[in-house]
Amino acid sequence: MTGRSVLLGNASVVVTMDDARREIRDGAVLVADNVIEAVGTSAELAGRAVDTIDLSGHLLCPGLVNTHHHFYQTLTRALPAAQDAELFTWLKTLYPIWARLTPEMARVSALTAMAELVLSGCTTSSDHLYLYPNGVRLDDTIDAAREIGMRFHATRGAMSLGESRGGLPPDALVEEEGAILADMRRVIERFHDSSRYATLRVALAPCSPFSVSRDLMREAAALARAHGVGLHTHLAENDNDVAFTREQFGCTPAEYCEELGWLGPDVWHAHCVKLDEPGILRFGATRTGVAHCPSSNMRLASGIAPVRRMRDADVSVGLGVDGAASNDGGHMLAEARQAMLLQRVAGHPAALSGREALEIATIGGAKVLGRDDIGALAPGMAADIAGFRLDQIGLAGALHDPVAALVFCAPTQAAFSMINGRVVLRDGVLTTVDVPVLVERHNRLAAALLDG
């Protein structure tokens, strides 16, 4: 061991998500700099660190991994005009409002979204920023991630197919495809870090079949693979989405992906609520990932994604809170609970277990993002660790199985978080941003966005 060492000790239980899925009572995690050195009982690891953080009464688990979000949408939560709409109507209602987004709004909304995620136990998040009005750049969200200290997968999204060309978004909100590709190349070259334990990676993310051309999908895939970065988009979110693909392109969503080179372990698709059986099998065979967003899918009446069938077909599945305007929350534990319950609502009480839901939220999300250095507490993994107090009222009476309780019981806030070896949440308080000040600033900007 070299450099700074710290022992996170005396935890009631450590949920490792390692290959053996060990759960260690009176557990501890030994961290050297930004990497986990050892995991075991507190007695086994006592005396091996320079510093010790006593986490008595806590459950420790890998930091949760959020695979799909739209940070800027925290500015338009619970908007009355869009509270009771399906996807396409919801988007058309919000596009004109989002067209007023400024760089300051993009940065502050990203800080707000990430603060909410960290407070729920999340340590790594992707963000799908697909509109760039008024000088907004991906750089704005990257600056926010650096300030708060979150591990970040920034995706350079895009919309290029406006209403006049048969797309859904207004023409004023789309970009020219040459400019999109040029900026995609810029952000990869400037920001992407392919090294192990990287805290910042970039992926390319044309928004959806109904907002970009097939040419842009092909060109983005070629550019991503030339630079070794990931690909992300929305797919098969609801019936209207599938109908658009069939009417415009004469194929299913999965066939659309295959034709354009959008299958493989470097690709993950958001939603896939309406992915058909051949599509599920093709995703499994090609190791294509899915970001499951249960709360958003319920909120917009999109349906129930076939997560059980996906997992049985070896599809990589992670969790996503999705945009806060189609969820109205960014709580990863709440999302894990919804994922578990939603698979059961069709009538099978064991369709998804609590531990499976937690697995999807951790190691599952890491796999979807193409990472083998996060999502588990094991030697050689990044020191991304979340801690939850077990003496909270919502967990009272459930300590006979605290691991299941974390998902079955009412979602709780995290008390401790370490990201890349740095403590960013201590005793339930963020150490990197002043939350009350941030909330006040965010609310002022949200009001300004709506007022135009």
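To be clear, the structure that these remarks concern was listed above.
Residues numbered from 1 in each chain as written. Predicted model: local features only at pLDDT ≥ 70, side-chain atom pairs only at ≥ 80, totals over all residues. Heavy atoms only, no water.

Caption draft 1: Highlighting the overall build of the protein chain. Looking only at helices and strands, the protein chain has 15 helices and 17 strands in total. Relative to its length of 452 residues, the protein chain is compact, with a C-alpha radius of gyration of 21 Å against a globular reference of 22 Å. Split into buried and exposed, the 452 residues of the protein chain put 63% on the buried side. In the protein chain, the proportion of contacts linking residues at least 24 apart, taken out of those at least 6 apart, comes to 75%. Here the protein chain has roughly 15800 Å² of accessible surface; of this, 50% comes from carbon and sulfur atoms. Of the side-chain charges in the protein chain, 40 are positive and 54 negative, and the distance between the mean point of each set is 2 Å. (Helix = DSSP H or I, 4+ residues; strand = E, 2+ residues; numbered from the N terminus. Rg over C-alpha atoms; globule rule 2.2 N^0.38 Å. Buried < 20%, exposed > 50% of the residue type's maximum accessible area, 1.4 Å probe, protein only. Contact = heavy atoms within 4.5 Å. Areas by Shrake-Rupley, 256 points an atom, 1.4 Å probe, with all protein chains shown as cover. Lys, Arg positive; Asp, Glu negative; His and termini not counted. Charge placed at Lys NZ, Arg CZ, Asp CG, Glu CD.)

Caption draft 2: Seen up close, the packing of aromatic side chains. One pass over the structure, following the stated rule, counts nine aromatic pairs. With centroids separated by 6.0 Å and ring planes inclined at 80°, the aromatic side chains of Tyr72 and Tyr130 adopt a geometry described as edge-to-face. One end of the pair, Tyr72, is in the loop between β6 (64-66) and α2 (87-98); the other, Tyr130, is in the loop between β7 (122-129) and α4 (138-148), with 58 residues separating them in the sequence. Summarising the burial analysis for this pair, Tyr72 and Tyr130 share the class buried. Centroid distance Phe210 to Phe244: 6.4 Å. Interplanar angle 80°. Geometry classified as edge-to-face. Within this pair, whereas Phe210 is found in the loop between β9 (200-206) and α6 (214-227), its partner Phe244 is found in helix α7 (residues 239-249), the two being separated by 34 residues in sequence. In terms of burial, Phe210 and Phe244 fall into one category: buried. (Phe/Tyr/Trp six-rings, centres within 6.5 Å; stacked < 30°, edge-to-face > 60°.)

Caption draft 3: Quick peek at the packing of helix α3 (residues 103-119) against helix α15 (residues 435-451). For the pair α3 and α15, interaxial distance at closest approach is 10 Å and the crossing angle is 135°. For the element pair α3 / α15, the angle class is oblique. Crossing geometry of α3 relative to α15 is assigned as left-handed. Counting all contacts with α3, which are made through Glu104, Met105, Arg107, Val108, Ser109, Leu111, Thr112 and Ala115, the residues of α15 involved are Leu438, Arg441, His442, Leu445, Ala448 and Leu449. (Axes fitted to C-alpha atoms, helices over the stretch in contact; angles between N-to-C directions. Parallel < 35°, antiparallel > 145°, perpendicular 65-115°, else oblique. Left-handed = near helix turned anticlockwise from the far one by under 90°.)

Caption draft 4: Spotlight on helix α9 (residues 277-286). Where α9 is concerned, the buried positions are Gly279, Ile280, Phe283, Gly284 and Thr286. On its buried face, α9 is in contact with β10 (230-235), α8 (253-260), β11 (267-271), β12 (289-292) and α11 (307-312). If you check the start of α9, you find a side-chain oxygen 2.8 Å away from the backbone N of Gly279, and it comes from Asp276. Arg287, located one to two residues past α9, shows a positive phi value of around 60°. (Polar contact = N/O pair within 3.5 Å; in protein donor to acceptor, adjacent residues only side chain to side chain.)

Caption draft 5: Layout of the environment of Met332. One can find Met332 in helix α12 (residues 332-344). Accessibility expressed as a relative area gives 0% for Met332, which makes it buried. Along the primary structure Met332 and Ser42 are separated by 290 residues, whereas in three dimensions their C-alpha atoms are 28 Å apart.

Caption draft 6: The arrangement of the environment of Leu216 in detail. Assignment of secondary structure puts Leu216 in helix α6. On the basis of relative accessibility, which here comes to 0%, the residue Leu216 falls in the buried class. When residues no more than four places from it in sequence are discounted, the contact partners of Leu216 are Ala158, Ser160, Glu177, Ile180, Leu181 and Pro206.

Caption draft 7: Up close: unusual backbone geometry. Unusually for a residue other than glycine, Asp33 sits at a positive phi of about 55°. By secondary structure assignment, the location of Asp33 is in the loop between β2 (23-32) and β3 (35-41). Located in the positive-phi region is Ala236, a residue other than glycine, with phi close to 50°. Within the fold, Ala236 resides in the loop between β10 and α7.

Caption draft 8: Representation of the pattern of salt bridges. Under the definition given, this model contains 30 salt bridges. Put simply, Arg137, Asp139, Arg156, Glu175, Asp183, Arg186 and Arg190 are held in one network by salt bridges that share partners. (Salt bridge = Lys/Arg side-chain N within 4 Å of Asp/Glu carboxyl O.)

Caption draft 9: Representation of the nonpolar core within the structure. Membership of the largest hydrophobic core comes to 150 residues, with the highest contact counts inside it found for Leu8, Val29 and Trp90. When residues in this core are grouped by element, the largest group, 11 residues, is from α3. Look past the residues within four positions of Leu8 in its chain and what remains in contact with it is Gly27, Ala28, Val29, Ile53, Leu55, Leu60, Ile385, Phe416 and Met418. Counting 12 residues, the second largest nonpolar core, distinct from the first, contains Ala203, Ala291, Ala366 and Leu369. (Core = buried A, V, L, I, M, F, W, Y, C linked by side-chain atoms within 4.5 Å.)

Caption draft 10: Representation of the pairing of strand β16 (residues 422-426). Relative to β16, strand β15 (residues 416-419) is paired through three bridges, and the arrangement is antiparallel. Each bridged residue has a counterpart across the sheet, and for Ser417 the counterpart in β16 is Leu425. Once β15 ends, the chain turns through two residues before running back antiparallel as β16, passing Asn420 with a positive phi of about 55°. Two elements, β16 and strand β17 (residues 429-430), share two bridges in a ladder whose sense is antiparallel. By the bridge assignment for β17, Leu425 is matched with Leu430. Linking two consecutive strands that pair antiparallel, namely β16 and β17, is a turn of two residues; a positive phi of about 55° is found at Asp427 within it. (Pairing = 2+ DSSP bridges.)

Caption draft 11: Structural detail: the environment of Thr199. Topologically, Thr199 is positioned in the loop between α5 (177-191) and β9. Remark: the alpha-carbon pair of Thr199 and Asn420, spanning 221 residues in sequence, is separated by 7.6 Å.

Remember, this is a structural readout, not a statement about activity or role.
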